[in-house]
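# Working through the structure, step by step
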Amino acid sequence: MLDYVRQRAIDALRNTRKAVLATSGPAGVQAGEFPCEAVELDLYLLVPRTSDHLFNLEHETTVTMLAAGWELKGEAQIISSNAPDLELELLR
């Protein structure tokens, strides 16, 4: 049963190309739509380096994300776009 649910979640994320990211922190409540790409259950968003979201994430990692058909709450982390092990279409 869990394999079925996991696969359904992977399928839902795989078909998503844009998502709304909501953060809160020292820069206040922020919401913005960004391009995204999923690898299994990991979802990567391309957020501009000057975004207040990044400032918020330095202090509070709890986020909410929304896309057509789903809502996700969880923890986020900032990673560099030139990380050697990342091969995302999003970065090309």
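The structure we're discussing is the one just above.
Residues numbered from 1 in each chain as written. Predicted model: local features only at pLDDT ≥ 70, side-chain atom pairs only at ≥ 80, totals over all residues. Heavy atoms only, no water.

## Structural notes on the overall build of the protein chain
This is how the line gets drawn: The secondary structure listing takes helices from DSSP runs of H or I that are at least 4 residues long and strands from runs of E that are at least 2 residues long, numbered from the N terminus. The globule rule used here is 2.2 Å times the number of residues to the 0.38 power, and the radius of gyration it is set against is calculated over C-alpha atoms. Only protein chains enter the accessibility calculation, which uses a 1.4 Å probe; a residue is then buried when its area is under 20% of its type maximum, exposed when over 50%, and partly exposed in between. Pairs of residues are marked as contacts when any of their non-hydrogen atoms sit within 4.5 Å. The accessible surface values rely on the Shrake-Rupley method and a 1.4 Å probe; as for residues, cover is taken only from the protein chains in view. When charges are counted, Lys and Arg contribute as positive and Asp and Glu as negative, whereas His and the chain ends are disregarded. Charge coordinates come from a single atom per side chain, which is NZ of Lys, CZ of Arg, CG of Asp or CD of Glu.
Regarding its fold elements, the protein chain presents 2 helices and 5 strands. Shown N-terminal to C-terminal, the secondary structure of the protein chain runs as helices and strands in the order α-β-β-β-α-β-β. A globule of 92 residues ought to have a C-alpha radius of gyration of about 12 Å, and the protein chain, at 13 Å, matches this closely. The dimensions of the protein chain, computed from C-alpha atoms along their principal axes, are 40 × 30 × 20 Å. Among the 92 residues that make up the protein chain, the fraction classed as buried is 28%. The long-range fraction of contacts in the protein chain, counting pairs at least 24 apart against all pairs at least 6 apart in sequence, stands at 48%. Carbon and sulfur atoms make up 51% of the accessible area of the protein chain, which amounts to about 6,500 Å² in all. Side chains of the protein chain carry 8 positive and 14 negative charges; the gap between the two charge centres is 6 Å.

## As for the layout of surface pockets
Here is the rule we go by: Using a 1 Å grid laid over the protein atoms alone, points where a 1.4 Å probe fits but cannot get out form a cavity; open sets with protein on both sides within 12 Å along at least 5 of 7 lines form a pocket; any residue with an atom within 4 Å of a point counts as lining. Grid points are joined across faces, edges and corners, and a volume is the space filled by probe spheres set on the points. Note on residue classes: Ala, Val, Leu, Ile, Met, Phe, Trp, Tyr, Cys and Pro are nonpolar, Asp, Glu, Lys and Arg are charged, and everything else, Gly too, is polar.
Quantified by volume, the largest pocket comes out at close to 810 Å³. Lining of the largest pocket is provided by 27 residues; of these, Leu43, Tyr44, Leu45, Gln77 and Ile79 occupy positions nearest its centre. Those elements that place two or more of their residues in the lining of the largest pocket are β3 (42-45), α2 (52-59), β4 (62-67) and β5 (70-75). In terms of residue class, the lining of the largest pocket is built from 19 nonpolar, 4 polar and 4 charged.

## Concerning the sheet that holds strand β2 (residues 30-39)
Note: strands within a sheet are paired through backbone hydrogen bonds, in either parallel or antiparallel orientation. Inclusion rule: Note on pairing: DSSP must find at least two bridges between two strands before they are called paired. Fitted lines through C-alpha atoms serve as axes, helices being fitted only where they are in contact, and the angles separating the N-to-C directions of these axes extend from 0 to 180 degrees.
With respect to topology, 5 strands assemble into an open sheet ordered β3-β2-β1-β4-β5, the strand pairing being antiparallel. Either end of the sheet is taken by a strand with one partner, and the two such strands are β3 and β5. Here the strands of the sheet are splayed against their neighbours by 40 degrees on average, with no regard to which way each runs. Of the pairings in the sheet, the one linking β2 to β3 comprises 4 bridges and is antiparallel in character. Bridge pairing in β3 links glutamate 37 to tyrosine 44. Sheet strands in contact with α2 are β1 (18-23), β2 and β4, and its direction is about 80 degrees off that of β2.

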